[in-house]
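Next come the chains, spelled out residue by residue.
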Amino acid sequence: QVQLEESGGGLVQAGGSLRLSCAASGTFFGINAMGWYRQTPGKQRELVARITSGGSTNYADSVKGRFTISRDNAKNTVYLQMNSLKIEDTDVYYCNANIDRRTGWYDYWGQGTQVTVSS
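In what follows, the accompanying structure is described. Bear in mind the structure is a predicted one, so any value in this text is a computation, not a measurement.

## Here we look at the sheet that holds strand 8 (residues 77-82)
- Ordered by their spatial adjacency, 4 strands build an open sheet running 1-3-8-7, and the pairing between neighbours is antiparallel. Each of the sheet's edge strands pairs with one partner strand only, and the pair in question is strand 1 (2-7) and strand 7 (67-72). The average angle at which neighbouring strand axes cross in this sheet is 15 degrees, direction not considered.
- Looking at chain direction, strand 3 (residues 18-26) and strand 8 are connected through 6 bridges and run antiparallel. When the sheet's bridge partners are listed, arginine 19 is paired in strand 8 with glutamine 81.

What follows is the structure in structure tokens.
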């Protein structure tokens, strides 16, 4: 069994910052990558940022230069530091982990955490 626990969402004014955390727990042999996605009702889920166990990162163009993803492999935890937040960043953010269960790599998802940016 594997579960992802998210924290750090909330309400912030435009230009402010938030830090999201996601910790993986359960039985598994390794984590290939962890990342953050966001989804607005009526739209498809989109990648915000992703980081591999080796430290390679990917960012959506809309957040480059403002968001930073990082990891603590020993704690099976990924962080998303969000700076210079904009109203359009308002969304539900979902943690994702690609996890080795020895039968293969499987995607797991957090429950989602609300980020609201106000003017």
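## Digging into the pattern of salt bridges
- Under the counting rule described, the total for this entry stands at 5 salt bridges.
- Two residues, aspartate 89 and arginine 38, come together in a salt bridge whose shortest N-O distance is 3.1 Å. Of this pair, aspartate 89 sits in the loop between strand 8 and strand 9 (91-100) while arginine 38 sits in strand 4 (residues 30-39); the two residues are 51 residues apart in sequence, bridging distant segments of the chain.
- Assessed through its relative accessible area of 6%, arginine 38 is described here as buried.

## Digging into the side chain of aspartate 89
- What makes aspartate 89 buried here is its relative accessible area of 1%.
- Here arginine 38 takes part through its side chain, which lies 3.1 Å from a polar atom of the side chain of aspartate 89.
- Residues in contact with aspartate 89, not counting those within four places in the same chain, are Arg38, Arg66, Phe67, Ser84, Val115 and Val117.

## Structural notes on the environment of arginine 38
- Separated by 61 residues in the primary sequence, arginine 38 and isoleucine 99 have C-alpha atoms spaced 20 Å apart.
- Ignoring anything within four residues of it in the chain, the contact list for arginine 38 reads Gln44, Arg45, Glu46, Val48, Ser62, Val63, Phe67, Asp89, Asp91, Val92 and Tyr93.
- A distance of 3.2 Å separates polar atoms of two side chains, one belonging to arginine 38 and the other to serine 62.

## Overview of the state of the cysteines
- Under the definition given, this model contains 1 disulfide.
- Note on cysteine connectivity: cysteine 22 is disulfide-linked to cysteine 95, with sulfurs 2.0 Å apart. Taking the sign of the torsion about the S-S bond as the criterion, the disulfide between cysteine 22 and cysteine 95, at about -85 degrees, is left-handed. One end of the pair, cysteine 22, is in strand 3; the other, cysteine 95, is in strand 9, and 73 residues separate them in sequence. Assigned by exposure class, cysteine 22 and cysteine 95 land together as buried.

Calculation notes
- Residues numbered from 1 in each chain as written.
- Predicted model: local features only at pLDDT ≥ 70, side-chain atom pairs only at ≥ 80, totals over all residues.
- Heavy atoms only, no water.
- Pairing = 2+ DSSP bridges.
- Helix = DSSP H or I, 4+ residues; strand = E, 2+ residues; numbered from the N terminus.
- Axes fitted to C-alpha atoms, helices over the stretch in contact; angles between N-to-C directions.
- Salt bridge = Lys/Arg side-chain N within 4 Å of Asp/Glu carboxyl O.
- Buried < 20%, exposed > 50% of the residue type's maximum accessible area, 1.4 Å probe, protein only.
- Polar contact = N/O pair within 3.5 Å; in protein donor to acceptor, adjacent residues only side chain to side chain.
- Contact = heavy atoms within 4.5 Å.
- Disulfide = S-S within 2.5 Å.

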